[in-house]
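# Coordinate inspection notes
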Amino acid sequence: MRKHIVAGNWKMNKNFEEADELVSNIMDKLEETDLKDTLLIVCPPFPYLELCTDYSNDSYFMVGAQNVSDKESGAYTGEVSASMLKSIELDYCIVGHSERRAYYGETDALVAAKVNQLLANEIKPIVCCGEVLEEREANKQFDVVKKQITDGLFHLTAEQFSEVVIAYEPVWAIGTGKTATPDQAQEMHAFIRSLIAEKYGKEVAEETSILYGGSCKPGNAKELFANPDVDGGLIGGASLKADDFVAIATSF
Ligand code: 13P
C-alpha cells in the first residue's frame, strides 16, 4: 500500500541556532511518539540540510530540499543541483511550490526539467499543484490541476512516475488559516488519482501518495487524513513547532 507521509516545509524561516533547536525538539518528541507507518520528512532551507541529516541519521525522519536547479551543473550562480543534493544523501525535494510559481516564475516546463534532474539522481520529487482563489471561484480548479500534473509529470515513464509524491495545495489555503474542507480535499485527490490511473494504470495510481497542504494543523489533520485519497500532508507554518508537527504526523 502507498505510504502515509507528513512533510514539513520550513520555507524561508529560522536562523541556524533556531533550526538546531527545532530539529532537536522534533527528535525529543519522536523519542516518545509512535509514528506507526507514517513517514516523516523535514524540508529545511539549504544551509540546514546537513544539520538535519546529521540529527536524523536516516532513522527518525527523511530530509528533503525545498528547491533544485533544472540544470545539471556549471555556470549557474546561486543554483543548487540535484547531484549536490544526492551527494549529501537527500531523499526528497519539493518542486513547483505555488510560492515558486508565483514569485519566481516557475512554469510547468521548469517543474518537468527539475523533476528529471531529481529522478536522474535518485531523489524523490514532491510535486506541488493547486489552484488560486479566482480559479476555484470560477470552478476551474480541476482544469488547472490537470494541466499542472499533465505538463509537469506525464512525460515520465510509469517506472519514473512511481518515485513521485504529489502535494495538492490550494493556494487560497496556504498560510491563510482557511483550510480546504475534507470533502474538497478528497474530491481533488480522487480526481488526481483518476488522472494517474488514466495515464499509468490503476496499480500505479493506487501506489502514489497524494498529500494535502494548506493551513493543515493538529486540529484539522485528523479529519483531512481520514479521507481515502488523502495520504498525508505538506505542512508549512505548523511544521515550525515540534509539538504541532509531530502531532499532525500522528493524526492517521
Ligand atoms: P501552511 O501550512 O503554512 O498553510 O503552508 C502550506 C504550504 O505551503 C506547505 O508547502
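Residues numbered from 1 in each chain as written. Predicted model: local features only at pLDDT ≥ 70, side-chain atom pairs only at ≥ 80, totals over all residues. Heavy atoms only, no water.

In this structure, the largest pocket spans a volume of roughly 560 Å³. Contributing to the lining of the largest pocket are 20 residues, with Lys11, Met12, Gln66, Arg100 and Tyr104 lying nearest its centre. The biggest single contributor to the lining of the largest pocket is helix α4 (residues 98-103), with three residues. Grouping the constituent residues of the lining of the largest pocket by class yields nine nonpolar, seven polar and four charged. (1 Å grid on protein atoms, 1.4 Å probe; cavity = no way out; pocket = protein on both sides within 12 Å on 5 of 7 lines; lining within 4 Å. Points joined across faces, edges and corners; volume = space filled by probe spheres on them. Helix = DSSP H or I, 4+ residues; strand = E, 2+ residues; numbered from the N terminus. Nonpolar A, V, L, I, M, F, W, Y, C, P; charged D, E, K, R; others polar.)

On the secondary structure map, Ser69 appears in the loop between β3 (62-65) and α3 (82-87). In the structure, Ser69 is positioned 117 residues away from Gln186 in sequence and 32 Å away in space, judged by C-alpha atoms. With near-sequence residues (within four places) excluded, Ser69 lies in contact with Glu79, Val80, Ser81, Lys114 and Gln117. Looking at Ser69, its side chain comes within polar contact range of the side chain of Glu79, at 3.2 Å. (Contact = heavy atoms within 4.5 Å. Polar contact = N/O pair within 3.5 Å; in protein donor to acceptor, adjacent residues only side chain to side chain.)

Here we come to the nonpolar core. With 65 residues, the main nonpolar core has Ile26, Phe61, Ile166 and Ile192 as its most contacted residues. Sequence-distant contacts of Ile192, defined by excluding residues within four places in its chain, comprise Cys129, Val145, Ile149, Ile166, Tyr168 and Ile210. Counting 13 residues, the second largest nonpolar core, distinct from the first, contains Ile5, Ile126, Leu211 and Leu234. (Core = buried A, V, L, I, M, F, W, Y, C linked by side-chain atoms within 4.5 Å. Buried < 20%, exposed > 50% of the residue type's maximum accessible area, 1.4 Å probe, protein only.)

Looking now at the pairing of strand β4 (residues 92-95). On a regular strand, each side chain points to the face opposite its neighbour's, so the side chains alternate between the two faces of the sheet. Here β4 shows no split at all, with Tyr92 and Ile94 on one side and Cys93 and Val95 on the other all buried. Relative to β4, β3 runs parallel, the two sharing two bridges. Its bridge partner being in β4, Ala65 is matched across the sheet by Cys93. Where β4 meets strand β5 (residues 124-129), four bridges bridge the pair, whose relative direction is parallel. (Pairing = 2+ DSSP bridges.)

Below, the discussion takes up the site of the ligand. With respect to spatial proximity, the complete set of residues near the ligand consists of Asn9, Lys11, His97, Glu169, Ala173, Ile174, Gly175, Gly214, Ser215, Leu234, Gly236 and Gly237. Residue Ser215 places a main-chain N or O atom 2.7 Å away from an oxygen atom belonging to the ligand. Residue Gly237 places a main-chain N or O atom 2.8 Å away from an oxygen atom belonging to the ligand. Its free accessible area being 310 Å², the ligand has 96% of it covered by the protein chains. Each residue belonging to the shell around the ligand can be placed in one class, and the counts come to three nonpolar, seven polar and two charged. (Near = heavy atom within 4 Å. Areas by Shrake-Rupley, 256 points an atom, 1.4 Å probe, with all protein chains shown as cover.)

Read around the closed barrel, eight strands run β1-β2-β3-β4-β5-β6-β7-β8, paired in parallel fashion. Across the sheet, the axes of successive neighbouring strands diverge by a mean angle of 25°, strand direction being ignored. Strand direction decides the pairing type here: β5 and strand β6 (residues 165-168), joined by four bridges, are parallel. Its bridge partner lying in β6, Ile126 is registered against Val165. Helix-sheet contacts for helix α12 (residues 242-249) involve β1 (5-9), β2 (39-43) and β8 (232-235), and the interaxial angle to β1 is about 155°. (Axes fitted to C-alpha atoms, helices over the stretch in contact; angles between N-to-C directions.)

Our next topic: the environment of Ile5. Structurally, Ile5 can be placed in strand β1. For Ile5 and Thr38, which are 33 residues apart along the polypeptide, the C-alpha to C-alpha distance reads 5.5 Å. What Ile5 contacts, discounting residues up to four positions off in sequence, is Thr38, Leu39, Ile41, Val165, Ser209, Leu211, Asp231, Gly232, Gly233 and Phe252.

Let's shift gears to the side chain of Glu106. Within the fold, Glu106 resides in the loop between α4 and α5 (108-120). For Glu106, the side chain forms a polar contact with the main-chain nitrogen of Gly96, separated by 3.5 Å. Residues in contact with Glu106, not counting those within four places in the same chain, are Asn67, Gly96, Arg100, Arg101, Val111 and Lys114.

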